[in-house]
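# Inside the fold
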Amino acid sequence: MHFKNILFYICFGLHFFSQSTNAADETPSVQPLGIVIRPNLVRKLIEQLNQIQNNNQNISFEFCLEESNAYFAFGLNALWSDPKWINLSSSRAYIQAKVASLRAIGKYIAGCQIDPVTKKITVTALPPLKFREATLEIANGNLGILFEPQKMDLKIDRTEASEIASKMTLKIPEAPRLTEFFNSTSIREAILNKIFDLTESTISSWLTEKLRGLSFIQSAGEVLKDNPIWKTGPLVQRSGVTLELAEPSPSQQYLTFAFNPFRTNSFFTTSNGLELYFNATFLNADHLKALSGLEPTAQNSEAVMEHARKALQNKALWTEGSFDRPILSASDSDFSLVIPTTLTNSAWGNFYQQRLLSLRLTVDIGKQTKGLIAAEEQNVSTVITINPQSAPKMTYEANRFKLDIENYVMNVGTHLEDRTIPSTQIQSHLTIAAALKVDPVRKMMKMALDPSQFELKLKDIKGRLSDEEVALFEHLAKSIWTDFFKQNSEFEIFPTVFDPENLHMEIQNVTVSGASIVLDLSIALKGDNK
Amino acid sequence: MKSMPFYILIAIICSGFISCTSSSSSVSEYNLPLKPYKLGEYLQVENANSLITVNRSDEQTGLVRIELSTETLSVLDPSAKEARDIHMSSGKITYRVDQEIRLWNNKPISLMGGVSRLRTFNWMKTFGRITYENLKLESRSLTFREDGKVISDSEIPGSGRAELAFASHPDCLVFQNSEGLFWGYFGNESEGIKESWPIEKGKAGAYVTAREVNGTLSVAYFDDDAGILKLAKKSNLAETFATDVVDGTSGQTYRGMDIAIFNDHGEPGLIYLDGWALKTRLARFFNGKWKSIELPLRGAVGFYNQIIAENDETITIGSHNFRTQIDDYHQIFENLATFKLDIRGRI
């Protein structure tokens, strides 16, 4: 287990978000996607740190005291206790923990320097290098970390550095005089501050790397690459009946999901945890062109994405924060996702309305009437093209989510010879029970539909069908759609962006706050994660 | 059967089992040439005794010529059982087999691949011109020699609907794009559309047939949004098209597919399919008004209508029956039908 792995645990939750763009005057609607890091995660991370000691592992680090020309490299383990999340204001939080014992075993050599640009440490002693064993111990002490999320700034509280330094002992057994030298108050404080600097910069650089500068962008093709509905058809095929995509290939190939922080009011701290809000958006080819400066239709998609990603890191493009921040309750979960229902509906509208819900249902009447009306199978079929006039909407009623597809128009026609002759139009209202879930493997927010709770109502717009015929269609449509939802019960909504990397996650609780869904998640910090 | 949408089936069955309407027009010499074969799709007229179509039966399959007087069939391209979009001009035939366009000029020649639809064909002495849609659904024009050698292949401003000669232009095209239905003419064998005029703005423009009747250009077309048949006419290049609704009521009918234009004593007359009734209809122009009737033919009839011969007394019509009602208990499917229609009186 390495230090960066620990930091991953600390920070992985932040990695949730990415960004959207506000390219030029193309202003997508504001979709505040949020993540809340709960105090419980800090407690869990401390437990994880303690497991390092229990497993006889350590965190390696090195530093160079240039004033003393001394190089040290240590492997550290420590026992921590009593982690506390202290909210200082709406923009500052303080994380406090006690060090019950800290012990580092390593080596020392005289002669080192730090590159002023790269900060890389080089041992300058002449070979053969003769390292001497060194140990560092702190009996106990309090450690606090001040976090100002608006600046993404993390600082170790130095006010107690003198007290901690007074409890620190550095030993170089082979060199008692050096031991005496390094245990002077000023050197001990210098060593401690070096360790603190190192911790801060490591966490900060890891955060930057892990959060990709708080920028994220991913194409729909990438989002949906494993979605069988996106890639193939027919969707349902059984004797004489086929449900398939109306168009042979994805039409919205440039559709892209992106998010970035709001320029202001993006980060908050409360006693419930650290809240971060991002503007999530679906970008089309025009947005991508404005953002990347490249023509998506003519350029390599990876180059377009890379240019767009870099552009998204420009804060000038970020949207000013103006959204209704949900009121959150305390939770013993590790973190929470705040998902506006407008975003899930927007995902349906962007990912699925035109592509995945424009379907064609063919009932091969020739096959079904073979031997009844005609001896041979005749080339005649009923074709129902299905084109939703509005995107499906997720709603929350009576303590459950459901997906409503209203004004869903089915054009019914007969395919005869080389043409489809339209007969009538049927309007349908389709409702199905839905739930949000996190897919840690695919790193996706998904909507899971329950085909056992599926309702369908049809209405003949043209008035050409009898009630019995409408009932017959209703039966047919319900049976086909039930098959469809059984085969395709999970739909990608948008990337979670954070990378759980083999960590098991569970949804503990789902609540609705205003226009947002709050998913409380717990995470199992087990295993050796990269 | 229990999950079958009966409304559609009823439309098909009812249109045949019961002869739906009566008509005062006199149909005679009704014949089903080569009845055992599945014939008549994409029907083309070579002359009054010879038709070109596709035979989808298991025997004598492919692109075929039908001699009406002897009721004999000769196979022109046996590998073209799936021939579609068949067009004929000056004895030459173009047709599509899957994504390939072929030219038949005494033998089948492959013209090109990667085609989704072949729209029109016109042969002009030294070269032929087709219009087509490629797999990206782009509308294009291709010119070629009689040995199939391609001269040019260029984009055109809309999807070809009908090609004909009119006024001083031997190579005119009715085409449709997002703005509407247009008429224009091509330049030489390497040129695209040189000049065009609107026929009607909007979406109407399916199943277009164009013909010069008594010096007047007549363009008949189906407005499939409204379900009505329209006819646009003009006498010279400078004139604006005058458009009439020939048959149908918007939203209440679906009349006007597979149109054939005949010379009805100097006026255009129309034979076409009623898509909901699956019946052949006749429309004629008398005293400044259009009148139409359903022809008394039993079955699901009236596809791919063509005028085989015409004079002042009768017209001979060729078409394809999806289903032919022989009697109350006997029906057959996929037949070529020919019959005469007396046009001396009024309807």
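Cut-offs used in this document
- Residues numbered from 1 in each chain as written.
- Chains lettered and ligands numbered in written order.
- Predicted model: local features only at pLDDT ≥ 70, side-chain atom pairs only at ≥ 80, totals over all residues.
- Helix = DSSP H or I, 4+ residues; strand = E, 2+ residues; numbered from the N terminus.
- Buried ≥ 20, exposed ≤ 12 C-beta atoms within 10 Å, placed from the backbone.
- Contact = placed C-beta atoms within 7 Å.
- Pairing = 2+ DSSP bridges.
- Axes fitted to C-alpha atoms, helices over the stretch in contact; angles between N-to-C directions.
- Parallel < 35°, antiparallel > 145°, perpendicular 65-115°, else oblique.
- Left-handed = near helix turned anticlockwise from the far one by under 90°.
- Nonpolar A, V, L, I, M, F, W, Y, C, P; charged D, E, K, R; others polar.
- Expected span 1.5 Å × (residues − 1).
- Arc of directions from axis to C-beta.
- pLDDT = per-residue confidence, 0-100.
- Core = buried A, V, L, I, M, F, W, Y, C linked by C-beta atoms within 7 Å.

### Considering the overall build of chain A
Helix and strand counts for chain A stand at twelve helices and 26 strands. Out of the 530 residues in chain A, the part that is buried amounts to 40%. Restricting the contact set of chain A to residue pairs at least 6 apart, pairs at least 24 apart contribute 71%.

### As for the overall build of chain B
What chain B contains, in helices and strands, is one helix and 29 strands. For chain B, the proportion of its 347 residues judged to be buried stands at 48%. A sequence separation of at least 24 residues applies to 44% of the contacts in chain B between residues at least 6 apart.

### Notes on the sheet that holds strand β13 (residues 150-155) of chain B
All names here are of chain B. Spatially, four strands are ordered β10-β11-β12-β13 in an open sheet, and the strand pairing comes out antiparallel. With one partner strand each, in any of the chains shown, β10 (115-124) and β13 form the two edges of the open sheet. Pairwise comparison of adjacent strand axes, ignoring direction, gives a mean angle of 20° for this sheet. With six bridges connecting them, strand β11 (residues 127-134) and strand β12 (residues 139-144) associate as antiparallel partners. In the strand pairing of β12, T131 is matched with S141.

### Thoughts on helix α8 (residues 285-292) of chain A
Residue and element names in this part refer to chain A. Considered for burial, the residues of α8 that qualify are H287, L288, K289, L291 and S292. Where α8 is buried, its residues meet β14 (256-261), β16 (273-283) and α9 (301-312). Following α8 by one or two positions, G293 has its phi on the positive side, about 75°.

### Some details on the sheet that holds strand β7 (residues 92-97) of chain B
All names here are of chain B. Judged by pairing direction, the sheet is antiparallel, and its four strands sit side by side in the order β6-β7-β8-β9 without closing on themselves. Edge positions in the open sheet fall to β6 (83-89) and β9 (108-112), since each of these has one partner strand only. The mean angle between the axes of side-by-side strands here comes to 25°, regardless of whether they run parallel or antiparallel.

### Examining the environment of L403(A)
Residues and elements named next belong to chain A. For L403, the position within the fold is in strand β21 (residues 400-416). With 23 C-beta atoms counted inside 10 Å, the residue L403 sits in the buried group. Taking C-alpha positions, L403 is 10.0 Å from D450, a pair spaced 47 residues apart along the chain. When residues no more than four places from it in sequence are discounted, the contact partners of L403 are P392, M394, I432, A434 and L449.

### Describing the packing of α8(A) against α9(A)
All names here are of chain A. Packing of α8 against α9 brings their axes to within 8 Å, and their N-to-C directions diverge by 65°. Taken together, the axes of α8 and α9 are roughly perpendicular relative to one another. Regarding α8 and α9, the two cross each other, and that crossing is left-handed. Residue-level inspection shows L288, L291 and S292 of α8 in contact with α9, the latter providing V304, H307, A308 and A311. Counted by class, the contact of α8 with α9 contains five nonpolar, two polar and no charged residues.

### Quick notes on helix α12 (residues 467-487) of chain A
All names here are of chain A. Its 21 residues give α12 an end-to-end C-alpha distance of 30 Å, which sits within 8% of 30 Å, the value for a rise of 1.5 Å per residue. Taken together, the buried positions of α12 are F473, L476, A477, I480, W481 and F485. In an axial view of α12, the angular spread of the buried residues amounts to 160°, which keeps them on one side of the axis. What points out from α12, more than 90 degrees from its buried face, is the exposed set D467, E468 and A471.

### Observations concerning the environment of M305(A)
All names here are of chain A. Examined against the element boundaries, M305 turns out to sit in helix α9. Distance from M305 to F216, taken between C-alpha atoms, is 9.8 Å for residues 89 residues apart in sequence. With residues up to four places along the chain from it excluded, the contact list for M305 reads I217 and S219.

### Quick word on unusual backbone geometry
Along the chain, P127(A) connects to P128(A) via a cis peptide bond; the corresponding omega equals 0°. Structurally, P128(A) is set in the loop between β6 (121-123) and β7 (132-138). In this structure, D85(B) takes a positive phi of about 50° despite not being glycine. You can see D85(B) is positioned in strand β6. One non-glycine residue with positive phi stands out, namely D98(B), at about 55°. Position of D98(B) relative to the elements: it lies in the loop between β7 and β8 (100-104). In this structure D98(B) comes out as exposed when scored by C-beta crowding, with 11 C-beta atoms within 10 Å.

### Side note on the confidence of the model for chain A
Of the residues in chain A, 78% have a pLDDT of 70 or more, and the chain-wide mean is 76. In this model residues 1-28 of chain A is a low-confidence stretch, pLDDT under 50, and it forms 101 contacts with partners more than four residues away in sequence or in other chains.

### Some remarks on the nonpolar core
Membership of the largest hydrophobic core comes to 186 residues, with the highest contact counts inside it found for V174(B), V219(B) and L270(B). Not counting the four nearest positions on each side in its chain, V219(B) is found in contact with V174(B), W183(B), I199(B), V208(B), A210(B) and A232(B). Residues C64(A), F74(A), L102(A) and A165(A) belong to the second largest nonpolar core, which totals 20 residues.

### So, the confidence of the model for chain B
Residues and elements named next belong to chain B. Averaged over every residue, the pLDDT of chain B is 91; residues scoring 70 or more account for 93%. Here residues 1-24 is a poorly scored stretch, pLDDT under 50, and it has 57 contacts once near neighbours within four places are set aside; other chains count. Interface predicted TM-score (ipTM) for the complex: 0.83; the corresponding pTM is 0.63.

### Overview of the environment of E191(B)
Turning to its location among the elements, E191(B) is positioned in the loop between β16 (180-186) and β17 (193-201). Judged by the 14 C-beta atoms lying within 10 Å of it, E191(B) is partly exposed.

### Let's talk about the pairing of β10(B)
Residue and element names in this part refer to chain B. In terms of burial, β10 is largely enclosed, as seven of its ten residues are buried. Taken together, the eight bridges between β10 and β11 define a ladder with antiparallel strand orientation. Looking at β11, one finds that N122 is bridged to R129. Counting the residues between successive antiparallel strands, the hairpin from β10 to β11 contains two residues, one of them, K125, with a positive phi of roughly 60°.

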